[in-house]
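# A structural walkthrough
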Amino acid sequence: MKFLDEAKVYVRSGDGGNGCVSFRREKFIEFGGPNGGDGGKGGDVIVEAVDGLNTLIDYRYQQHFRAKNGHAGMGKDRHGASGADVVLKVPAGTQVYEEEGKTLLADLTQVGQRAVVARGGNGGFGNAHFKSSTNRAPRHANPGQPGEELTIRLRLKLIADAGIIGLPNAGKSTFLAAVSAAKPKIADYPFTTLHPQLGVVEIDGREFVLADIPGLIEGAHEGTGLGDRFLGHVERCRVLLHIVDGTIADAGLAYKTVRAELEAYGQGLADKPEVVALNKADALTPEQLKQQSTRLKGAAERKPLVVSAVTGAGVADVLRALSRIIDRDRARATTAARAWHPHS
Ligand SMILES: Nc1nc2c(ncn2[C@@H]2O[C@H](COP(=O)(O)OP(=O)(O)OP(=O)(O)O)[C@@H](O)[C@H]2O)c(=O)[nH]1
Ligand SMILES: [Mg+2]
């Protein structure tokens, strides 16, 4: 299933800085003691779940991440500075696996959660550390410890915010392709889409994930066509985009057919907020458009948005309507989560 976003990245934590061998050398002080400082710790590689990210797309472009090395210790008991950490920002819901993808290293389910995936090497002790009653002038220091290097696999199970439903050939995939970088297969025959597709949509500076699923036909809940099993992928969506083809005989009937399948499927799908769009407006005469719009309005009990997925007309209004509902729902979900975890 294409509902997974994956990235493989190479990470390396910083080496620890070396400890220093040094002795006090001052006028009038004979046999100055050891004063070599410790090396600083190497930086860690950290993966952190942050707000406002939906995909792992950034990791397609940058795949190497190194934390900084710790600095070496110096004379006069000066310790080396620690190396800076490097933080990989990922969306909540990202899992970190070792290279083979079998061992789970971290599961970042909530914004703010962090996990160290490669620990920086410890700095070496300087010779001041080794001073003792029996050895007042130690001439050795420890080297810093090397950092760790490994390849990790980031995995994000994308959860669509909005799901497109409609009869086969309605233009669902065309719509997804028009508003995102997704490249679904589009063709002039039913059941072109055999697997759900996802795209990330941006409108007015906000992002959301839109899913395109195979078309539904009458009897889908009994297995007709591709059946309704793909509806499982939109069960967790915050809103549905119902696309109706304006070039078919009766747009109102098309709407009702799909709604009946939603009802039959259950799982609360029929109760989700819905944005209704009459598509292929470019292929209709003004009279046809008016007629179909009226039929659809009668069936949906609200005025549909009119669009053309091919020319792009009206598409932005649909995205805004979806985005508004999604934002409202996200805000509600956040409030509910706070009430549930009052101290997080
Ligand atoms: N004129 C016109 N044609 C469109 C428009 N949107 C889609 N089409 C055409 O309608 C046909 C079906 O489009 P798809 O996007 O594959 O339809 P779908 O709903 O994804 O179909 P399935 O995956 O089979 O369920 C293609 O030939 C598209 O070019 C539109 O706005 N105007
Ligand atoms: Mg399709």
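Let me begin by describing the structure that accompanies this report. Each chain has its residues counted from 1, following the order in which its sequence is written. As a convention, the first chain written is A and the first ligand written is 1, with the rest following in written order. pLDDT decides what is reported in this predicted model: residues at 70 or higher carry local features, side-chain atom pairs at 80 or more are listed and counted, and totals for whole chains, interfaces and linings draw on all residues regardless. Side-chain metrics in this entry use all non-hydrogen atoms of the structure; hydrogen atoms and water are not considered.

Right, let's talk about the site of ligand 1 for a bit. Near residues are defined by distance, with any heavy atom within 4 Å of the molecule or strand qualifying the residue. Every one of the 24 residues lining ligand 1 counts as a neighbour, but Lys172, Thr174, Phe191, Thr192 and Asp282 are closest to it. Between ligand 1 and the protein, one listed contact pairs an oxygen atom with a backbone N or O atom of Val310 at 3.2 Å. Here ligand 1, which alone exposes 650 Å², has 88% of that area covered by the protein. The dominant element in the shell around ligand 1, judged by the number of residues it contributes, is helix H2 (residues 172-179), at 3 residues. We call Asp, Glu, Lys and Arg charged. Ala, Val, Leu, Ile, Met, Phe, Trp, Tyr, Cys and Pro are nonpolar, and the rest, Gly among them, are polar. Taken together, the residues that form the shell around ligand 1 break down as 11 nonpolar, 9 polar and 4 charged. Here a polar contact is recorded for every N or O atom pair within 3.5 Å, except that within protein the pair must consist of a potential hydrogen donor and a potential acceptor, and residues adjacent in sequence are included only if both atoms are side-chain atoms. Here the Shrake-Rupley method, with its probe set to 1.4 Å, supplies the accessible areas, and only the displayed protein chains count as covering residues. Under the DSSP-based scheme used, a helix requires at least four consecutive residues in state H or I and a strand at least two consecutive residues in state E, with every element numbered from the N terminus.

Mapped onto the elements of the fold, Lys272 is located in the loop between helix H3 (251-265) and strand E13 (274-279). A simple rule labels every residue: compare its accessible area, found with a 1.4 Å probe on the protein chains alone, to the largest value its type can have, and call it buried under 20%, exposed over 50%, or partly exposed in between. A residue counts as positive if it is Lys or Arg and as negative if it is Asp or Glu; His and the chain ends are not included. Whenever Lys or Arg places a side-chain nitrogen within 4 Å of a carboxyl oxygen from Asp or Glu, that contact is recorded as a salt bridge. Salt bridges are absent for the buried Lys272, whose nearest opposite-charge side chain, Asp329, sits at 7.4 Å. Contacts are assigned to residue pairs that have any heavy atoms within 4.5 Å of one another. Excluding residues within four positions of it along the chain, Lys272 makes contact with Val234, Glu235, Arg236, Cys237 and Leu240.

This part takes up the pairing of strand E6 (residues 104-108). At least two bridges found by DSSP between two strands is the condition for calling them paired. Here 4 bridges tie strand E5 (residues 94-98) to E6, and the two strands are oriented antiparallel to one another. Directly across from Gln95, in E6, lies its bridge partner Asp107.

Across the sheet, 3 strands lie side by side as E4-E2-E7; this open sheet has mixed pairing. Where the open sheet ends on each side, the last strands, each with one partner, are strand E4 (86-91) and strand E7 (114-118). Neighbour-to-neighbour, the strand axes of this sheet turn through a mean angle of 30°, independent of strand direction. Examined bridge by bridge, strand E2 (residues 45-50) and E7 share 4 bridges and lie antiparallel to one another. Residue pairing across strands places Val45 opposite Ala118, the latter belonging to E7. A fitted line through C-alpha atoms serves as each axis, taken over the contacting stretch for helices, and the angle formed by two N-to-C directions is quoted from 0 to 180°.

Moving on, we get to the nonpolar core. Ranked by size, the top nonpolar core spans 25 residues in total, and within it Phe175, Phe208, Leu210, Leu241, Leu319 and Leu322 carry the most contacts. With 7 residues, helix H5 (residues 315-340) is the largest single contributor of residues to this core. Residues within four places of Leu319 in sequence aside, it is in contact with Phe175, Val179, Val201, Ile203 and Phe208. Listed in part, the 22 residues of the second largest apolar core include Val47, Ala49, Ala115 and Val117. We define the nonpolar core as a collection of buried residues of types Ala, Val, Leu, Ile, Met, Phe, Trp, Tyr and Cys that are connected through side-chain atoms lying within 4.5 Å of one another.

Stacked, tilted and edge-to-face are the three classes applied to pairs of Phe, Tyr and Trp rings, where Trp contributes its six-membered ring and a pair requires centres within 6.5 Å; stacked means planes under 30 degrees apart, edge-to-face means over 60, and tilted covers the rest. For the structure shown, the criterion picks out 2 aromatic pairs. Ring geometry for Tyr59 and Phe65: centres 5.6 Å apart, planes at 55°, overall tilted. Accessibility classification places Tyr59 together with Phe65 in one group, the buried group. Relative to Phe130, the ring of Phe125 lies with its centre 6.3 Å away and its plane at 80°, an arrangement referred to as edge-to-face. Residue Phe125 is classed as partly exposed on the basis of its relative accessible area of 34%. Looking at Phe130, the relative accessible area reads 22%, which means it is partly exposed. Seen from the ring of Tyr97, Arg155 lies directly overhead, with NZ or CZ sitting 4.8 Å from the centre. Both a distance and an angle decide whether a charge sits over a ring: NZ of Lys or CZ of Arg must be within 6 Å of the ring centre and within 35 degrees of the ring normal.

Here we come to the sheet that holds strand E14 (residues 305-306). The sheet built from 6 strands is open, its strands ordered E10-E11-E9-E12-E13-E14 with mixed pairing. Because the sheet does not close on itself, it has two edges, and the strands there are strand E10 (197-203) and E14. Of the strand pairs in this sheet, strand E9 (residues 162-165) and strand E11 (residues 206-212) are connected by 3 bridges, and their pairing is parallel. Each residue of the ladder has a partner; that of Ile164, found in E11, is Asp212. Sheet contacts for H2: E9, E10, E11 and strand E12 (239-245); angle to E11, the most-contacted strand, approximately 155°.

Turning our attention to H2. H2 sits mainly inside the fold: 6 of its 8 residues count as buried. Among all positions in H2, only Lys172, Ser173, Thr174, Phe175, Leu176 and Val179 are buried.

The N-to-C vectors of H3 and helix H4 (residues 286-300) enclose an angle of 30°; their axes lie 7 Å apart at closest approach. Comparing the axis directions of H3 and H4 gives the class roughly parallel. In the crossing of H3 with H4, the sense of the turn from one axis to the other is right-handed. Side by side, H3 and H4 meet where Ala251, Gly252, Tyr255 and Lys256 of the first sit next to Gln292, Arg295, Leu296, Ala299 and Ala300 of the second. In the contact of H3 with H4, the residues fall into 5 nonpolar, 2 polar and 2 charged. Here the word oblique covers every angle except those under 35 degrees (roughly parallel), over 145 (roughly antiparallel) and from 65 to 115 (roughly perpendicular). Crossings are assigned a handedness: left-handed for a near helix turned anticlockwise from the far helix by less than a right angle, right-handed for a clockwise turn.

By themselves, these observations are geometric and do not establish any function.
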